[in-house]
Amino acid sequence: KELEVDILKGKAIINKNGDILQKVRNIKEPLAIQLSSSSFKSLSLLSLYLKHLAKDGDTIIIDEPELNLHPDSQRKVARFLGRLVNEGFKVIISTHSDYIIKELNNMIMLSSANGNQEDLLDSLGYHKNQLLKYNQVEAHLFTLAKSKPQKINVDKTGFSVTTIDEVIEQLDNDTEKIYYELFEKTKIA
């Protein structure tokens, strides 16, 4: 229900012919999946699996759960994945999303907090069942340069994916240089 309400904005249903449809609130007739958003198409099968097939201890593998999702929804997906882990599922994802990684790191840091973090959880909109302990998370970096994945250290602050961090840093530097060259340099001269 959380996945459908908070992320998919519609309920995944199967009609008598076995077709997947999207039931959207305030719309009388369900939409055929080909008329649904790309994000609904991507995650509706997960919703149906959880409703009809899932068993405790199952392993769920999701390739790029961030596909076609707004950054806010990517954060919600990461929190939802944390909840799945805490409900006993093993979750394996591959991602290129800095939003997913940062949200996982937030969930790890919040679970590592000593003392009362209730106010912080409330103010940021987290729930305890979404938080991950660092020993619940394992991360690996796959690159073309190496034949085997590299294990990434995960600690109480989370983990860092250097190949993504380097690109973000380069983009930030480029943006600052462009801005300076086009807008600030002329003001100084």
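Before reading on, note that the structure itself is shown above.
S.K.: Lay out the pairing of strand β2 (residues 20–23) with the relevant residues and their values.
M.R.: The pairing of strand β1 (residues 11–14) with β2 spans four bridges and is classified as antiparallel. Each bridged residue has a counterpart across the sheet, and for I13 the counterpart in β2 is L21. The turn joining β1 and β2, which pair antiparallel and follow one another in sequence, is formed by five residues; a positive phi near 90° is taken by G18. With two bridges connecting them, β2 and strand β3 (residues 31–32) associate as antiparallel partners. The partner of L21 across the bridge, within β3, is A32.

S.K.: Describe the packing of aromatic side chains, and please don't skip the residues or the numbers.
M.R.: Here the structure, examined in full by the defined rule, presents one aromatic pair. A cation sits over an aromatic face here: R79 above Y126, 3.7 Å from the ring centre.

S.K.: So what about helix α2 (residues 38–52)? Which residues, and what values?
M.R.: Spanning 15 residues, α2 covers 22 Å between terminal C-alpha atoms, matching the ideal 21 Å at 1.5 Å per step. The largest bend in α2 comes to about 35°, at S44. S39, F40, L43, S44, L46, S47 and L48 are the residues of α2 that are buried.

S.K.: A description of a nonpolar patch on the surface should follow, citing residues and the corresponding values.
M.R.: There is a patch of nonpolar side chains on the surface, built from I178, Y179, L182 and F183 and spanning about 430 Å² of accessible area. In this fold, Y179 is placed in helix α6 (residues 162–188). The class of Y179 is partly exposed, set by a relative accessible area of 42%.

S.K.: So what's going on with the side chain of E66? Residues and values would help.
M.R.: Position of E66 among the secondary structure elements: in the loop between β4 (59–63) and α3 (71–86). With no salt bridge to any partner, buried E66 finds its closest opposite charge in R75, at an N-O distance of 14 Å. For E66, the side chain forms a polar contact with the main-chain nitrogen of H96, separated by 3.1 Å. What E66 contacts, discounting residues up to four positions off in sequence, is Q74, S94, T95, H96, S97 and I100.

Each value, and the rule that gives it
Residues numbered from 1 in each chain as written. Predicted model: local features only at pLDDT ≥ 70, side-chain atom pairs only at ≥ 80, totals over all residues. Heavy atoms only, no water. Pairing = 2+ DSSP bridges. Helix = DSSP H or I, 4+ residues; strand = E, 2+ residues; numbered from the N terminus. Phe/Tyr/Trp six-rings, centres within 6.5 Å; stacked < 30°, edge-to-face > 60°. Lys NZ or Arg CZ within 6 Å of the ring centre and 35° of its normal. Expected span 1.5 Å × (residues − 1). Bend = angle between axes of the 7 residues up to and from the residue. Buried < 20%, exposed > 50% of the residue type's maximum accessible area, 1.4 Å probe, protein only. Patch = residues over 30% accessible without salt bridge, like charges linked within 9 Å, V, L, I, M, F, W, Y side chains within 5 Å. Areas by Shrake-Rupley, 256 points an atom, 1.4 Å probe, with all protein chains shown as cover. Salt bridge = Lys/Arg side-chain N within 4 Å of Asp/Glu carboxyl O. Lys, Arg positive; Asp, Glu negative; His and termini not counted. Polar contact = N/O pair within 3.5 Å; in protein donor to acceptor, adjacent residues only side chain to side chain. Contact = heavy atoms within 4.5 Å.

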